[in-house]
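Observations on the model geometry
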Protein chains: 4
Amino acid sequence: MARTAEKRERSHHEKRNLILQTAQSLFSETGYAATTIAEIAKSAGVSFGSVFSYFESKEALFKQSLLEPLEQNKSMFLRFTTFETPSETVQALIRIHMEFVARNAAFLRIIQQVIAQRAQFPDLFEELDRFNHEFQDALCPIILQGQEMGEFSSGDPNLVATSYLSFLLGLRLAYADPPGHSLWSAMTVMAYRLFGPTAGHGEA
Amino acid sequence: MARTAEKRERSHHEKRNLILQTAQSLFSETGYAATTIAEIAKSAGVSFGSVFSYFESKEALFKQSLLEPLEQNKSMFLRFTTFETPSETVQALIRIHMEFVARNAAFLRIIQQVIAQRAQFPDLFEELDRFNHEFQDALCPIILQGQEMGEFSSGDPNLVATSYLSFLLGLRLAYADPPGHSLWSAMTVMAYRLFGPTAGHGEA
Amino acid sequence: MARTAEKRERSHHEKRNLILQTAQSLFSETGYAATTIAEIAKSAGVSFGSVFSYFESKEALFKQSLLEPLEQNKSMFLRFTTFETPSETVQALIRIHMEFVARNAAFLRIIQQVIAQRAQFPDLFEELDRFNHEFQDALCPIILQGQEMGEFSSGDPNLVATSYLSFLLGLRLAYADPPGHSLWSAMTVMAYRLFGPTAGHGEA
Amino acid sequence: MARTAEKRERSHHEKRNLILQTAQSLFSETGYAATTIAEIAKSAGVSFGSVFSYFESKEALFKQSLLEPLEQNKSMFLRFTTFETPSETVQALIRIHMEFVARNAAFLRIIQQVIAQRAQFPDLFEELDRFNHEFQDALCPIILQGQEMGEFSSGDPNLVATSYLSFLLGLRLAYADPPGHSLWSAMTVMAYRLFGPTAGHGEA
DNA sequence: GATGAATGAGGATTCATTCAT
DNA sequence: TATGAATGAATCCTCATTCAT
């Protein structure tokens, strides 16, 4: 009996995730407004009504398809490993981010939608804005340190941080290439350039 | 009589442009699917039916709101003035582009939509793809020249060109700041970093 | 001046007729509801607004496209030449009618519409009903005479008259053949059978 | 549970039929274009949206309102009982057909629309055309046999068959009388005349 | 009169949400 | 909870009619 409940519970959770991921994928490809619940249900292989058993409304489903992965990946973005020098730290960081960008096209497309149509999703936008600030707060000290150590050219570290984030967003917008593609590793070099590496601290 | 026809003609064209610009603005803010023709009509101060006198369908209106400004600005993007050194040329270029990005938020948001939901707008996406290639073809020689003259670090010039475009797109996605804001001029420096300027050829 | 006015007058009348005939043709092919004024104008080669200069409304145009030819051809249908014997009279009649049916597809299709959707065109239907009665009143005496003379089998002459009219309508419904087609002459024989010709008075 | 599903299934099917029959009735009275889905829904006592749950589109609903009764009654029209003599067979046939014509005004009005506006419903028209040919193929042998046995006057049997069908169509066009009306039985005599019965084989 | 742009009521269709089973 | 039919508000688009030129 306990096992049954557990199993049901697990299955319950799995079904919810299945719906959520399918929704994320479809919302990202087709956009919020043009994606229908019927499509999501069909694509996820669940019944139409089930979607509403697990999510209160279409909007709630959209929100979750942004907020849950955001929550899951926040720490990865914000709590990065520090190496001996800032340049090493940043380069390691970029590799991780680029990998993430390459692998999470759907998630980033949803972020793009929220940013582009911020008037439609004000609370989600605010959430992203908060994340942006947290990210700047985490990255700036490293940049500053690098500038002080002469590894990076001088300049407003906040500007560097935001242009770096914009660059990542823009990349994912422009490219539909699959994760394994060499483009993504090549782009780490370009991303690093935004930090203004001085001679001797460029990409090896 | 001729004057009357002329005047009517002019007014006719102005009304069309009014609708087109209103549409561009609303499409960019709210997205294609969530923008209604009724909103566009009301916002432009014309009747609902008038929109359909000037544009065959909602889709046609959307297409024109991308294609017409694209056509108008293509040459500005592709035929840039060449200065004595590549670095000067590129820096001048960036200033022009950044000014354009700052001033044409609506246009760029529509481009973002088309790129993000390319499956929904295949012919528009193709058009943008063509533009992208033309832009690379125009920019690469300058980058190569700069690399040969030692002004820019080496690296695939196509990669530089595309990351530059992605950066511009990403910037306009991330920021809602008005044209005059200092952010845009500050960002020219960041954009220039993507070209990998060597010591002595950085931003002045 | 007088000539100019006359010419203008003639041209005016011709233009009106052009519109009317085009309308008749399109109404008959596409049906009243599915035919648009714009189509009529384009097909007639006149400006859109002209249609409303000559006819008060779409409905008025439809009505005229039935009533005018009806008025013009009424006498032909009702005042037929009498020959020596009823059978000759009827056979001559049928030839004329069949010729008319073959040549006036559009007109008959409009009649069919009015009859079929009588609730939509009550006054037009009434007009046709009146014509039907007049036709019966004109034809019955001939039929009776023929029956008395032993040329036609006995039977309610009204029944014969109405079945004859129904037959003509049904024919024009079923066939799209052009006027010259042999079908129409062949059908005169079938039409004559409805009168119940006795041996020796059949079609020669 | 099975019973519930069965009941639901039945009710589902009944609702579909209710919509279909209401649609058939309204389409026949008002014509395809002038009949609105809202009217059909209201008249059938179902919600507006329900119509679209059961039928893909207005056009599909119209098609079904012709094709389903056509399919159901095809065999009745084509597979007739043969009596000892062709004249008996034909007279029995006519009684059945006339009964059908009297009872199925709506169905026949829809057929009339499709024939009259064949350009708008090409596939439906083709279907009717096929039926027409099948009917001729079935009827001609009987007529021929009757002609050989001297019961019917000579003449192209195809002509007889098609004029007979045209007559039925024309009848239903001209009369709005209810099924029980004496007109319909009286008309069997007229219909029989089209076969050219020779003396001694006329209507009893 | 002639023209064709302007208007908005009306209609087909979609789809989120509700709800009975 | 699972299902999918029922609902009707919302939206695109058409087109008769009006009207300014």
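Residues numbered from 1 in each chain as written. Chains lettered and ligands numbered in written order. Predicted model: local features only at pLDDT ≥ 70, side-chain atom pairs only at ≥ 80, totals over all residues. Heavy atoms only, no water.

As a further point, take the overall build of chain A. Broken down by element type, chain A carries nine helices and zero strands. Tracing chain A from N to C terminus, the helices and strands come up as α-α-α-α-α-α-α-α-α. Projected onto the principal axes, the alpha-carbon positions of chain A cover approximately 60 × 40 × 30 Å. Across the 204 residues in chain A, those meeting the buried criterion constitute 51%. Long-range pairs, those at least 24 residues apart, make up 71% of the contacts in chain A with a sequence separation of at least 6. Accessible area of chain A: about 9700 Å², with a carbon and sulfur share of 53%. (Helix = DSSP H or I, 4+ residues; strand = E, 2+ residues; numbered from the N terminus. Buried < 20%, exposed > 50% of the residue type's maximum accessible area, 1.4 Å probe, protein only. Contact = heavy atoms within 4.5 Å. Areas by Shrake-Rupley, 256 points an atom, 1.4 Å probe, with all protein chains shown as cover.)

Moving on to the relation of the copies chain C and chain D. When chain C is fitted onto chain D, the two copies agree to an RMSD of 0.1 Å after a turn of 180° and an axial shift of 0.1 Å. Accordingly, the operation relating the two chain copies is best matched by a two-fold axis. Taking C-alpha positions as reference, the residue of chain C nearest the rotation axis is Gly170(C), located at 1.9 Å. When the interface residues of chain C are mapped onto chain D, 100% of them again fall at the interface, so both copies present the same face. (Least-squares fit on C-alpha atoms with pLDDT ≥ 70 in both.)

Turning our eyes to something else, we now look at the interface of chain C and chain D. Facing the 37 residues of chain C at the interface are 37 residues of chain D. Area buried by chain C at its contact with chain D is led by Leu159(C), Leu173(C) and Arg193(C), which between them contribute 21% of it. At the boundary of chain C and chain D, one finds zero salt bridges. Scanning the region where chain C abuts chain D turns up 10 residue pairs in polar contact (both at pLDDT 80 or more). (Buried area = accessible area lost by both parts, 1.4 Å probe. Salt bridge = Lys/Arg side-chain N within 4 Å of Asp/Glu carboxyl O. Polar contact = N/O pair within 3.5 Å; in protein donor to acceptor, adjacent residues only side chain to side chain.)

Moving on, we get to the packing of helix α6 (residues 105–116) of chain D against helix α7 (residues 122–148) of chain D. All names here are of chain D. As a packed pair, α6 and α7 sit with axes 9 Å apart at the nearest point and diverge in direction by 110°. It follows that α6 is roughly perpendicular to α7 by the angle criterion. In this structure, α6 crosses over α7, and the sense of that crossing is left-handed. Here Ile-111, Val-114 and Ile-115 of α6 come into contact with α7, specifically with Leu-124, Phe-125 and Leu-128. Looking at side-chain class alone, the contact of α6 with α7 contains six nonpolar, no polar and no charged residues. (Axes fitted to C-alpha atoms, helices over the stretch in contact; angles between N-to-C directions. Parallel < 35°, antiparallel > 145°, perpendicular 65-115°, else oblique. Left-handed = near helix turned anticlockwise from the far one by under 90°. Nonpolar A, V, L, I, M, F, W, Y, C, P; charged D, E, K, R; others polar.)

Right, let's talk about the domain arrangement of chain A for a bit. Residue and element names in this part refer to chain A. Taken domain by domain, chain A comprises domain 1 (1–55) and domain 2 (64–204). The C-alpha-based centres of domain 1 and domain 2 are spaced at 30 Å. Carbon and sulfur atoms supply 62% of the area buried between domain 1 and domain 2, which totals about 780 Å² over both sides. Connecting domain 1 to domain 2 are one salt bridge. (Domains from an automatic or database assignment.)

With respect to spatial proximity, 29 residues lie near DNA strand E, and among them Lys15(B), Ser47(C), Ser50(C), Phe48(D) and Lys58(D) are the closest. Within the backbone of Lys58(D), an N or O atom sits 2.7 Å from a phosphate oxygen of DNA strand E. Breaking the surface near DNA strand E down by element, the ones donating at least two residues are α3 (48–54) of chain A, α3 (48–54) of chain B, α3 (48–54) of chain C together with α3 (48–54) of chain D. Here the surface near DNA strand E is built from residues that sort into 10 nonpolar, 15 polar and four charged. (Near = heavy atom within 4 Å.)

Much of the literature gives interface size as the accessible area that the parts lose upon coming together. Across the contact, 37 residues belong to chain B and 37 residues belong to chain A. Buried area between chain B and chain A, summed over both chains or domains, comes out near 3000 Å², and the portion from carbon and sulfur atoms is 63%. Considering only the side of chain B, the residues that lose the most area to chain A are Leu159(B), Leu173(B) and Arg193(B), jointly responsible for 21% of the buried surface there. Our enumeration of links across chain B and chain A arrives at 10 residue pairs in polar contact (both at pLDDT 80 or more). Where the side of chain B that touches chain A is concerned, the elements lending two or more residues are α1 (2–30), α6 (105–116), α8 (157–174) and α9 (182–193) of chain B. Ranked by residue count, the leading element in the side of chain B that touches chain A is α8(B), at 11 residues. The residue makeup of the side of chain B that touches chain A, split by class, is 19 nonpolar, 14 polar and four charged.

This paragraph deals with the pattern of salt bridges. Under the definition given, this model contains 32 salt bridges over all chains. Among the salt bridges present, the one from Asp123(C) reaches Lys63(C), with a minimum N-O distance of 2.8 Å. Of this pair, Asp123(C) sits in helix α7 (residues 122–148) while Lys63(C) sits in helix α4 (residues 58–78), and the two are 60 residues apart along the sequence. Arg130(D) is the salt-bridge partner of Glu126(D), the closest N and O atoms lying 3.9 Å from each other. Residue Glu126(D) and its partner Arg130(D) are both found in helix α7; the two are separated by four residues, about one turn of the helix. By relative accessible area, which is 48% here, Glu126(D) ends up partly exposed. A single network of salt bridges, built from pairs that share partners, joins Lys74(A), Glu126(A), Glu127(A), Arg130(A) and Glu134(A).

Separated throughout, chain A and chain C approach each other most closely at a C-alpha pair spaced 31 Å apart. With no contact between them, chain A and chain D keep their nearest C-alpha atoms 14 Å apart.

Here we come to the confidence of the model for chain A. Model confidence for chain A is summarised by a mean pLDDT of 90, while 94% of its residues fall at 70 or above. Overall, residues 1–7 of chain A carries pLDDT values under 50, and its contacts beyond four positions in sequence, including any with other chains, amount to zero contacts. (pLDDT = per-residue confidence, 0-100.)

Here the focus is the side chain of Gln113(C). With respect to the element layout, Gln113(C) can be found in helix α6 (residues 105–116). Taking the relative accessible area as the measure of exposure, Gln113(C) reaches 8% and is therefore buried. Look past the residues within four positions of Gln113(C) in its chain and what remains in contact with it is Phe27(C), Ser28(C), Gly31(C), Tyr32(C), Phe62(C) and Gln117(D).

Take the environment of His12(D) next. Residues and elements named next belong to chain D. Position of His-12 relative to the elements: it lies in helix α1 (residues 2–30). Overall, His-12 belongs to the partly exposed group, its relative accessible area being 39%. Linking His-12 and Lys-58, residues 46 residues apart in sequence, is a C-alpha distance of 19 Å.

The next thing to look at is the packing of helix α4 (residues 58–78) of chain A against helix α7 (residues 122–148) of chain A. Helix-helix packing is described using two parameters, namely the angle between the two axes and the distance between the axes. Residue and element names in this part refer to chain A. Relative orientation of the contacting elements α4 and α7 amounts to 5°, with a least axis distance of 11 Å. It follows from the interaxial angle that α4 and α7 lie roughly parallel. In this structure, α4 contributes Phe-62, Lys-63, Leu-66, Leu-67, Leu-70, Lys-74, Phe-77 and Leu-78 to the contact, and α7 contributes Asp-123, Leu-124, Glu-127, Leu-128, Phe-131, Glu-134, Phe-135 and Ala-138. Residues of the contact of α4 with α7, tallied by class, amount to 11 nonpolar, no polar and five charged.

A separate point is the side chain of Ser50(C). Examined against the element boundaries, Ser50(C) turns out to sit in helix α3. Apart from the residues within four sequence positions on either side, Ser50(C) is in contact with Lys15(C) and Ile19(C).

One turn of the α-helix equals 3.6 residues, which is why residues spaced by three or four share an orientation. Residue and element names in this part refer to chain B. A rise of 1.5 Å per residue sets the reference length of α8, with its 18 residues, at 26 Å; its end C-alpha atoms lie 25 Å apart and thus fit the reference within 8%. Most of α8 is tucked away, with 16 of its 18 residues classed as buried. At the N-terminal boundary of α8, the capping side chain belongs to Asp-156, with an oxygen 2.9 Å from the backbone nitrogen of Asn-158. (Expected span 1.5 Å × (residues − 1).)

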